[in-house]
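Each chain is listed here by its residues.
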Amino acid sequence: MKRAPLLSTFLLILLVVAMTYPFIWLKLSYEPLSGFLSAKIDFNRAKLFFTGLTPILLGGFLLYLISLFLKGNGFTQKKLSSIYSLYKRARKKKYYSMTLFLLLASISWIAGPKTLNVLIMVGIYMILALGLNITIGMTGLLVLGYAGFFSLGGYVFAILQQWIPGFTWWMAIPVACLVGGSMGWMVGLPCLRLRGDYLAIVTLGFAESFRELVRNLPSITGGDIGISIASVSKVGKILGLGVISSVYLWVLLAVFLVVMILHRLYYSPLGRAWTAIRENEIAAEAMGIPVVKMKLFAFSLSAVFAAVAGVLYTAHTGFLNPESSAFEISVLILAMVILGGLGSIPGALLGSFLLYYIPTILRDYIPAISEYRLLLFGMIMVVMMLVRPQGLLGSKDRV
Amino acid sequence: MSVPLLELKDLHGGYGASEVLKGVSLEVYSGEIVTLLGGNGAGKTTTLSLIMSIIRPQKGKIIWQGTHLNEGTPDGVLARGIVLCPEARRIFPLMSVEENLKIGAYLLDSRREGEKVEQIFDYFPKLAERKSQLGGTLSGGEQQMLAIGRSLMSEPKLLMLDEPSLGLAPLIVEKIFEILLKINRSGVPILLIEQNARQALKIAHRGYVMVTGTIVHSDTGKNLLESDEVRRAYLGE
Ligand SMILES: Nc1ncnc2c1ncn2[C@@H]1O[C@H](COP(=O)(O)OP(=O)(O)OP(=O)(O)O)[C@@H](O)[C@H]1O
Ligand SMILES: [Mg+2]
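Treat the numbers as computed from the prediction; the structure is a model and nothing was measured.

So, the pairing of strand β2 (residues 18-28) of chain B
Within a regular strand, side chains alternate between the sheet's two faces.
Residue and element names in this part refer to chain B.
Part 1 of the reasoning: By the bridge criterion, 8 bridges tie strand β1 (residues 6-15) to β2 in an arrangement that is antiparallel. The residue bridging Tyr15 from the neighbouring strand is Ser18, located in β2.
Part 2 of the reasoning: Between β1 and β2, which follow one another and run antiparallel, lie 2 residues, and Gly16 among them has a positive phi close to 65 degrees.

Shown next as C-alpha cells:
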C-alpha cells in the first residue's frame, strides 16, 4: 500500500520525461520579418536541461519521501488541518490582520530592491490567483485565458496615459475595473448560458485574439514593441520611501483588500451559492439560485481583479507588451490556484508565492529553470494529483 | 375546494422537437397530497420541469394561485412559492448538512436561516445528529431526508417531490412518507411523483396515472389503490 504510490509517481515522472525528451532537443526559431519558422536539433540543450533539472527533481523526490515518512508516523491530514484551524482561529482575532499588514509593510524598509521586485510580482500574482480562484475554485468554471484580462487592464492604463497627459495609475484602477468587468460579462454571457466547459475555450480564444489585436494595432498599442509608461503616470513615492518600496506598499494593500473582499463574499449567501453551483448545478437551480447570473457575476468579478493586477503590473514595470496575455501566464496562474487548493483563499496565496518566488530564487543557481518552467509545473501537477488532489491548503476532502 | 392552487391545462412539452407530454391536465388543491404515478419514461419528471420553468411548454397553461405561471426561470418560480426536490436527491456532497440546508433558504431573509434549520431538525432528528457531516457521506435515506429538508427551507406553498423512494429500503420509505404526511398536516400541499404506487397511494388524497405523456386515470388515493387496473399495472398483483 505504501510502495504503490511511490512507484506510480516515479513511473509518471519517467513518462513525462520520456514524452518531452524529443522536444527538449528541438529548437524552434521564428523570424518575425520573413515569417520563417525553422527547427533545429540541439543536443546541448538536453544536456543543459538535465544538469539543471536533476537537483530540482531530487529535491522534489526528497520532499515526497519526507511526506511519506510523516504520513507513516501519524502526521496525517488531521494534524495538517489542525494547523489550519489554528490559523483560522487566529484570523478571527481582531487585530490579527492589522498586525500582519504592518509586519509585511515593514519589509519595504528592510529589504533591498531586488527582493522587493520579486515580492511585488508575487503580490500581483496573488491578486491574479485569488481572482481566478473565484471562477475555477469557488464556482467551478474552468477559465484558460485568464491572462487576457490581465493584459486588458494593463493596456487600458497604458493607452489612457498616452492619450491623457498626467493620467496616473490610480486613476486607471476604476477604469480598468469597469472595462475588465464589462469585458468579462460580454465574454461570459454567450457561453455561461450553456452547460459545460465552453468558458474555457472561449476565454482561451479571447486571450489569444486580444494578443493578436494588440500586436496588429501599432498606432494605438505600440504593436509588438509595446508601450512605455510616462514617468508622471508611474507610482509616486510615499512616506519618503523609494519608488520600489512605495509600489510594494500599494501592492500589499491591494492584496489585503482583495483578500478581505473575497473572505466576506465567500462566507456570505453569495459565496454559498457559488459553491452550490460548483457542487451540483441542477440542485442549485432547483434551490432558486439564479445560476446564469451567479456564474456571470463570479466571472466578471474575477476579470475585474485581473484587470486591476494588470494596472499594478504595468505601473510597476513601466512597460507593457502583447506577451502579457500569453497562454503561459494563464497556465501559471492556473497552476498556482490548483497547487494551493481549489476554492481556498490561503491556498491561492501560498500557491502564487511558491510558484513565483521559488523559481525566481532558483533561477540564479539553475539558469535552465526558466526555460522549462512549464514542464516543471506539469510534473508538480501530476505529483499533486497523486499525493494531495485537493491542493496544499484545500480544506475539504474529495468524496 | 373551489379554485385549485396549481392547475395544468392541456399541457404539451418536451425536449427540442420531440413531444413528451401530450396534453396533461391536473390540479392540486390547497392542503392536499396529490400523487402522479407512472412507469419509466412516462413523462413525470418532464411535468415537474415544465412547472419549474426549466423547460418551456409547447402548448397549454400552467396556472398558479389563479394566475399564469410564466416566470421564465426556476428562481422566479421558487420565489412564487413552488419548490422542487429533484430526482436522485442531488444534495451538495462537499457541503455539511447545515450548509446544504442553508442553501435551500437562498431566497429567504438570511436572518431567519437559523430558525428554519432548527425547524427542519425537528422533522428530521437524524439530520441534527449529523449537522456538520459532509452531505456526500450520508446514507441514501439520510440524503433523501436532507434533500426534503433543504426544499422546505424556502417555506414553500407547494412541495413537489420527484421519486423520493428511489433506491431506498421499504422501511426507510415508510418512514419518509410518514414525515411527508406530517409536513402536509402542518399545512404544506404536496405533489408527489412516484413509481412506488402502493406507498404513495397510502398517503395521497388523490392520484393521477400517467402513461406515455397522457393521464389515463385519476381518482382518490383509496379508489386507485383498489382499482383492478392499477393493481395489475403498478402493484404487480
Ligand atoms: N433532457 C432530455 N432531452 C431529451 N429527452 C429527454 C430529456 N429528459 C427526458 N427525456 C425523454 O423524455 C421522456 C420522459 O422522460 P421523463 O424523465 O419525464 O420520465 P419519467 O416519467 O420521469 O421517468 P422515470 O420514472 O424513469 O424518471 C423519456 O422518453 C426521456 O427519454
Ligand atoms: Mg423521472
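Considering the packing of aromatic side chains
Residues and elements named next belong to chain A.
Part 1 of the reasoning: Here the structure, examined in full by the defined rule, presents 12 aromatic pairs over all chains.
Part 2 of the reasoning: On the numbers, 5.3 Å between centres and 70 degrees between planes, the contact of Tyr266 with Tyr267 is edge-to-face.
Part 3 of the reasoning: Take Tyr266: its relative accessible area is 19%, and that puts it in the buried class.
Part 4 of the reasoning: Here a set of aromatic residues connected by ring pairs shows up, and it is made of Phe149, Tyr155, Phe206, Phe210 and Phe299.

Here's the deal with the coordination of the magnesium ion (ligand 2)
All names here are of chain B.
Part 1 of the reasoning: The protein atoms donating to the magnesium ion (ligand 2) are Thr45 (OG1) and Glu87 (OE), with metal-donor distances spanning 1.9 to 2.6 Å. Note that Thr45 is positioned in helix α1 (residues 44-51) and Glu87 in the loop between β6 (82-85) and α3 (97-104), a separation of 42 residues in sequence.
Part 2 of the reasoning: Assessed through its relative accessible area of 27%, Thr45 is described here as partly exposed.
Part 3 of the reasoning: On the basis of relative accessibility, which here comes to 29%, the residue Glu87 falls in the partly exposed class.

Digging into helix α7 (residues 170-185) of chain B
Residues and elements named next belong to chain B.
Part 1 of the reasoning: Between the first and last C-alpha of α7 there are 23 Å, a value that for 16 residues agrees with the 22 Å anticipated at 1.5 Å per step.
Part 2 of the reasoning: Within the span of α7, buried status applies to Val173, Ile176, Phe177, Ile179, Leu180, Ile183 and Asn184. One side of α7 carries all its buried residues, which in axial view fall inside an arc of 160 degrees. In this structure, α7 carries Leu171, Glu178 and Arg185 as exposed residues pointing more than 90 degrees from its buried face.
Part 3 of the reasoning: Structurally, α7 contributes buried residues whose contacts are with β3 (33-38), α4 (113-123), α6 (140-152), β7 (158-162), β8 (190-194) and α8 (197-203).
Part 4 of the reasoning: Trailing α7 by a residue or two, Gly187 shows a phi angle of about 110 degrees, which is positive.

So, the interface of chain A and chain B
Part 1 of the reasoning: Of the residues lining the interface, 21 residues belong to chain A; the matching set on chain B comes to 25 residues.
Part 2 of the reasoning: Summing the contributions of chain A and of chain B, the shared interface buries around 2,100 Å²; its carbon and sulfur component is 68%.
Part 3 of the reasoning: Scanning the region where chain A abuts chain B turns up 1 salt bridge.
Part 4 of the reasoning: Between chain A and chain B we count 3 residue pairs in polar contact (both at pLDDT 80 or more) in total.
Part 5 of the reasoning: For the side of chain A that touches chain B, the elements supplying multiple residues, two or more each, are α11 (269-279) and α12 (281-286) of chain A.
Part 6 of the reasoning: Sort the elements by how many residues they give to the side of chain A that touches chain B and α11 of chain A lands first, with 6 residues.
Part 7 of the reasoning: For the side of chain A that touches chain B, the class distribution of residues is 12 nonpolar, 3 polar and 6 charged.

What to know about the confidence of the model for chain B
Part 1 of the reasoning: Taken residue by residue, chain B gives an average pLDDT of 88. The fraction at 70 or more is 97%.
Part 2 of the reasoning: This complex was scored by the predictor with a pTM of 0.76 and an ipTM of 0.75.

Thoughts on the nonpolar core
Part 1 of the reasoning: Residues Ile124, Tyr125, Leu128, Trp274 and Ile289 of chain A are the most contacted members of the largest nonpolar core, which totals 107 residues.
Part 2 of the reasoning: If you tally residues by element for this core, the top one is helix α5 (residues 113-139) of chain A, at 17 residues.
Part 3 of the reasoning: Leu128 of chain A has contacts with Tyr146, Phe150, Ala306, Ala309 and Ile333 of chain A, leaving out every residue within four places of it along the chain.
Part 4 of the reasoning: Judged by nonpolar contacts, the second largest core, of 43 residues, contains Ala147, Ile148, Met153 and Leu180 of chain B.

Let's talk about the pattern of salt bridges
Residue and element names in this part refer to chain B.
Part 1 of the reasoning: Under the criterion given, the structure shown has 15 salt bridges over all chains.
Part 2 of the reasoning: The salt bridge partner of Glu115 is Arg112, with a shortest N-O separation of 3.8 Å.
Part 3 of the reasoning: For Glu155, the salt bridge goes to Lys116, with nearest N and O atoms at 3.5 Å. Taken together, the residues Glu155 in the loop between α6 and β7 and Lys116 in helix α4 connect sequence positions 39 residues apart.
Part 4 of the reasoning: Salt bridges sharing common partners tie together Arg112, Glu115, Lys116 and Glu155.

Procedures and definitions
- Residues numbered from 1 in each chain as written.
- Chains lettered and ligands numbered in written order.
- Predicted model: local features only at pLDDT ≥ 70, side-chain atom pairs only at ≥ 80, totals over all residues.
- Heavy atoms only, no water.
- Pairing = 2+ DSSP bridges.
- Helix = DSSP H or I, 4+ residues; strand = E, 2+ residues; numbered from the N terminus.
- Phe/Tyr/Trp six-rings, centres within 6.5 Å; stacked < 30°, edge-to-face > 60°.
- Buried < 20%, exposed > 50% of the residue type's maximum accessible area, 1.4 Å probe, protein only.
- Donors = N, O, S within 2.8 Å, 3.2 Å for Na, K, Ca; no water.
- Expected span 1.5 Å × (residues − 1).
- Arc of directions from axis to C-beta.
- Contact = heavy atoms within 4.5 Å.
- Buried area = accessible area lost by both parts, 1.4 Å probe.
- Salt bridge = Lys/Arg side-chain N within 4 Å of Asp/Glu carboxyl O.
- Polar contact = N/O pair within 3.5 Å; in protein donor to acceptor, adjacent residues only side chain to side chain.
- Nonpolar A, V, L, I, M, F, W, Y, C, P; charged D, E, K, R; others polar.
- pLDDT = per-residue confidence, 0-100.
- Core = buried A, V, L, I, M, F, W, Y, C linked by side-chain atoms within 4.5 Å.

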